[in-house]
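The residues making up each chain are set out below.
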Amino acid sequence: MTCKGCSATVRHSKEEVQALVEGQLMFEVNVVSDQVYSERLAICASCPHLQYETTCGFCGCFVAFRAKLSNKRCPDPKGARWDKQDSVS
């Protein structure tokens, strides 16, 4: 599948996503604990709106990135499946 806005592919392997996320998280300071991160990822993994096993169907974010940020919540318009948390920087 191709991105409508940029003509690039929107499918990435889990390994590609992990490498991108790890690179970006090096610049983030407001992150959640590993336990909260794991809990959030488990919720995302069971969400029927998860696309390609990596991407949120509501916002288009890689869930592995969004779930690590303390100032983010699940973007489900019917109600967040997980909420903002205090960071553990």
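Residues numbered from 1 in each chain as written. Predicted model: local features only at pLDDT ≥ 70, side-chain atom pairs only at ≥ 80, totals over all residues. Heavy atoms only, no water.

Caption draft 1: Broad picture of the overall build of the protein. Counting its secondary structure elements, the protein contains three helices and two strands. For the protein, the N- to C-terminal ordering of α and β elements is α-α-β-β-α. Out of the 89 residues in the protein, the part that is buried amounts to 25%. A separation threshold of at least 6 residues defines the contact pool for the protein, and within that pool the share at least 24 residues apart is 53%. As displayed, the protein has an accessible area near 5900 Å², and 51% of this comes from carbon and sulfur atoms. (Helix = DSSP H or I, 4+ residues; strand = E, 2+ residues; numbered from the N terminus. Buried < 20%, exposed > 50% of the residue type's maximum accessible area, 1.4 Å probe, protein only. Contact = heavy atoms within 4.5 Å. Areas by Shrake-Rupley, 256 points an atom, 1.4 Å probe, with all protein chains shown as cover.)

Caption draft 2: Here's a closer look at the pattern of salt bridges. In this structure the tally under the stated criterion is three salt bridges. Among the ionic pairs, Glu 53 bridges to Lys 14, the shortest N-O distance being 3.1 Å. On the criterion of sequence distance, the pair formed by Glu 53 in the loop between β1 (50–51) and β2 (55–56) and Lys 14 in helix α1 (residues 14–25) is long-range, its members being 39 residues apart. Looking at Lys 14, the relative accessible area reads 48%, which means it is partly exposed. A salt bridge links Lys 68 to Asp 34, with the nearest nitrogen and oxygen atoms 3.0 Å apart. Taken together, the residues span a long stretch of sequence, with Lys 68 in the segment after α3 (63–66) and Asp 34 in helix α2 (residues 34–45) at a distance of 34 residues. The buried category is assigned to Lys 68, whose relative accessible area is 11%. (Salt bridge = Lys/Arg side-chain N within 4 Å of Asp/Glu carboxyl O.)

Caption draft 3: Here's a closer look at the nonpolar core. In this structure, Val 17, Val 21, Val 32, Val 36, Tyr 37, Cys 44, Cys 56, Val 63, Ala 64, Ala 67, Cys 74 and Trp 82 together form the largest nonpolar core, which totals 12 residues. Broken down by secondary-structure element, the contributors of at least two residues to this core are α1, α2 and α3. Ranked by residues supplied to this core, first place goes to α2 with three residues. Here Trp 82 is in contact with Arg 40, Ile 43, Cys 44, Arg 66, Ala 67, Lys 72, Arg 73 and Cys 74, once residues within four sequence places are set aside. (Core = buried A, V, L, I, M, F, W, Y, C linked by side-chain atoms within 4.5 Å.)

Caption draft 4: Summary view of the confidence of the model for the protein. When pLDDT is averaged along the protein, the result is 85; 88% of the residues meet or exceed 70. Confidence, read as mean pLDDT per element, is least for α1 in the protein (81) and greatest for α2 (95). (pLDDT = per-residue confidence, 0-100.)

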